[in-house]
Amino acid sequence: MEERLLKRNKQHFQLAQGTPFTEDPLRTELPFSGSSKLARQILDGRQIPEELKMSVNTRMMQKAKRKTHEIKVEFTVDEVKKGFQRWRETTSTSPSGRHLGHYKSILKRDGTGKEEHEESVDEIFGTQTALMSIAFKHGLSYNRWQNVNTILIEKDPGQPYLHRMRTINIYESDLNLGIKIIWARRMMWNAEAKNLFADGQWGGRKGKSAIEAVIEKQLMYDYSHRTLVESMHNENDASNCYDREIPSHIMLMSRAFGVSENACKAFGETLEKAQYHVSTKAGISSGSYSNAEAPVYGLGQGNAGAGPGWGMVSSELFKIMKGEHRGAIFTHPSSKKSEEQLMTGYVDDTSINISKSENELRDEMQKAIQKWEELLFATGGKLEISKCFYYHMKWEVDEDDIPRLVGTSLTKIELNQSKDKKRIQIEPLHEASRVLGVMCAPDLSCDAQALAVKNRSNSIAKRVQAASFSIHMVELAYRTTYIPSISYSLPATFMTRSTCDKIQAPATRIFLAMKGFNPNFPRIVA
């Protein structure tokens, strides 16, 4: 079993092999650390060597020109303390055994109020902070950081098929905390302050959420209904997004966004020298895989730099797309103001939105989807064609002057992918599709979402009922699980009050009974 799991993981993290940054000359000219003569040329905006000039790659490297000042690398003791305090202790970390619980127990007050204890804590965390600062300031990778455990989680519970596993990398907690502070906080905050991100990317950014991206999608559909504007909306999914990130490209983009060369070197060399073991219920595998045998790409889930890395890359891809294609136009009723929105996305789920005349619409969408596929490929990514589709919103006015949303005679859009031709399916306008956890349909029907919420409501209530919880635990489950799960989609749906009452009625009866109330009690009281 160990041999099969190691082989599977090794193959999985080579999915990006064959994309530009994994092939010569870029592979040798840009190491994992993002530190080389070519990297300096790109960051300084100098001429790219002729042998590296390829249409899409050139655009990607031009986007890696330095955009802002270099951000601070050193850590403070308070910063490190707070980082460990706020980290959930149940999170799996540290193959070395330095679990989060050890750091938290040191930070916990002993109840005596003695100054000696506080001084000891400051001394221990002062040493820890110094070690982290030295590594990222001088580009060092500790041996302890180079051991990584990977765990596999079933995507379909109860069906442990190797091709349907989610891979999570487990890193040393102090390494991941350092990456989190530099990349996820300082770099992201600085990029937001400098307005370096594309407007359409909602994922991983402070003050933005998945449901807002869904609301934006619903508003686009609603705008078409009110103005009768013909439009196309394409939904895409990037396959194994974090597992296909190329470390050399991520470090190059990080330097463009202000991370120091040595911080990228510490991060990149850790990935380059890492030994990956598989962790199962049977223990840690004795065997491992590494870059010494064959390249291991992908930052992977569990790495604090994976989200910010994709945020930088996808944002630059959005900007390239906007420079080459016209998106959907939304005009203010006064006709004095208008807004164009081509790309919207939340992490690896993206949409392409275009409004034009029917004759131009299909060709423009075809070109836009093809360009997006080429850009993804240039960064190591790939479209999951089976999850890609599009809607064509077209209007006709009947003899009574009543506009009707009609289907289209347009054929499937063809896409050249990996030397093969693939087709992206067109969906009927009345069929809802799942967009970031919400069932959305261009005809604005909420029937599919109402059914999904009803099933979720009944499922949670029955599981709580079967668990035989105490009254306190029932209340906790209701407030922390049921309410957030059921209310998540409400801001982006159009369900009536009566529909919502019918959906929650069975669950309400179960929760009331389990809390000791008569389920037939008047709802104005209970």
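(A) Representation of the side chain of Ser141 in the model. Mapped onto the elements of the fold, Ser141 is located in the loop between helix 7 (115-138) and strand 1 (147-154). Here Gln146 takes part through its side chain, which lies 2.9 Å from a polar atom of the side chain of Ser141. Side chain to side chain, Ser141 and Thr270 meet in a polar contact 2.8 Å long. Every residue in contact with Ser141, bar those within four places of it in the chain, is listed here: Gln146, Ala266, Glu269 and Thr270.

(B) Quick peek at the pairing of strand 6 (residues 328-331). Burial along strand 6 is one-sided: Ala328 and Phe330 are buried, while Ile329 and Thr331, pointing the other way, are not. Inspection of the sheet shows strand 6 paired to strand 7 (residues 338-341) by four bridges, in the antiparallel sense. Bridged to Ala328 within strand 7 is Gln341. In this structure, the hairpin formed by strand 6 and strand 7 is closed by a connection of six residues, where Ser335 is found at a positive phi of approximately 65 degrees.

(C) Molecular detail of the state of the cysteines. Under the definition given, this model contains zero disulfides. With no disulfide of its own, Cys264 has Cys241 as its nearest cysteine by sulfur position, at a separation of 19 Å. Look at Cys264 and you get buried, because its relative accessible area is 0%. Sulfur of Cys388: no disulfide; nearest cysteine sulfur belongs to Cys241 and is 13 Å away. Here Cys388 falls in the buried class, since its relative accessible area comes to 3%.

(D) Fine view of the sheet that holds strand 5 (residues 283-284). Taken in spatial order, the four strands line up as 2-1-4-5 in an open sheet, and their pairing is mixed. Edge strands, defined here as strands with exactly one partner in the open sheet, are strand 2 (165-170) and strand 5. Of the pairings in the sheet, the one linking strand 4 (residues 275-280) to strand 5 comprises two bridges and is antiparallel in character. For Ser279, the partnering residue across the bridge sits in strand 5 and is Ile284. Against the sheet, helix 1 (residues 2-12) contacts strand 1, strand 2 and strand 4, and its axis sits at roughly 130 degrees relative to strand 4.

Procedures and definitions
- Residues numbered from 1 in each chain as written.
- Predicted model: local features only at pLDDT ≥ 70, side-chain atom pairs only at ≥ 80, totals over all residues.
- Heavy atoms only, no water.
- Helix = DSSP H or I, 4+ residues; strand = E, 2+ residues; numbered from the N terminus.
- Polar contact = N/O pair within 3.5 Å; in protein donor to acceptor, adjacent residues only side chain to side chain.
- Contact = heavy atoms within 4.5 Å.
- Buried < 20%, exposed > 50% of the residue type's maximum accessible area, 1.4 Å probe, protein only.
- Pairing = 2+ DSSP bridges.
- Disulfide = S-S within 2.5 Å.
- Axes fitted to C-alpha atoms, helices over the stretch in contact; angles between N-to-C directions.

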